[in-house]
Amino acid sequence: MFGMPTPSFQLTVDVKFEKDLPNGPYGEVNPNGSATVYVPPKSTYQDVQTAILDAWKESRKGMAKAFGSHTEEWSIGTFKCKGGGVDLEKPAVEGSHNVELIYKVRLCICTVM
């Protein structure tokens, strides 16, 4: 039996180090499939991954409401820098990264009586 392909989305992420983050790491997602995340210097790729996912989920809030009752679960599949995979435990580097976002959508089918 053949499995369904995993739905995914490619995102180009520019990682920038910022010392002044009074509200913690954050990101900005653009509709063209790119994003910028701001993390403290010496952050690991795990920290960057968290900032990417938080920014992506925040950017989807309006769209999620437009589609009614459902939930979205997002994770990162591949995370590359300069053509190779990153180690989430290692210190991140500034610059362009390629990320594969994987998602699952759960629809809520409700019956009103």
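What you are looking at is a predicted structure, and each value in this text was computed from that prediction instead of being measured.

1. Concerning the overall build of the chain
In step 1: Scanning the chain from N- to C-terminus turns up one helix and six strands.
In step 2: Ordered by position in the sequence, the α and β elements of the chain form the string β-β-β-α-β-β-β.
In step 3: For the chain, with 113 residues in total, the buried portion stands at 28%.
In step 4: In the chain, 60% of the contacts between residues at least 6 apart in sequence involve partners at least 24 apart.
In step 5: For the chain, the computed accessible surface area is about 7900 Å², with 55% contributed by carbon and sulfur atoms.

2. Some details on the side chain of S43
In step 1: Position of S43 relative to the elements: it lies in the loop between β3 (34-39) and α1 (45-66).
In step 2: Judged by relative accessible area, S43 falls into the buried class, the value being 4%.
In step 3: Within polar-contact distance, the side chain of S43 engages the backbone oxygen of P40 at 2.6 Å.

3. Observations concerning the pairing of β3
In step 1: Of all six residues in β3, six are buried; the element is thus mostly enclosed.
In step 2: In this structure, strand β1 (residues 8-17) lies alongside β3, joined through six bridges in parallel fashion. Each bridged residue has a counterpart across the sheet, and for K16 the counterpart in β3 is Y38.
In step 3: Pairing of strand β2 (residues 26-30) with β3, which is carried by five bridges, proceeds in the antiparallel orientation. Each bridged residue has a counterpart across the sheet, and for Y26 the counterpart in β3 is Y38.
In step 4: Count of turn residues in the β2/β3 antiparallel hairpin: three residues, of which G33 carries a positive phi of about 90°.

Rules of the game
Residues numbered from 1 in each chain as written. Predicted model: local features only at pLDDT ≥ 70, side-chain atom pairs only at ≥ 80, totals over all residues. Heavy atoms only, no water. Helix = DSSP H or I, 4+ residues; strand = E, 2+ residues; numbered from the N terminus. Buried < 20%, exposed > 50% of the residue type's maximum accessible area, 1.4 Å probe, protein only. Contact = heavy atoms within 4.5 Å. Areas by Shrake-Rupley, 256 points an atom, 1.4 Å probe, with all protein chains shown as cover. Polar contact = N/O pair within 3.5 Å; in protein donor to acceptor, adjacent residues only side chain to side chain. Pairing = 2+ DSSP bridges.

Remember that the coordinates give geometry; whether it matters functionally is a separate question.
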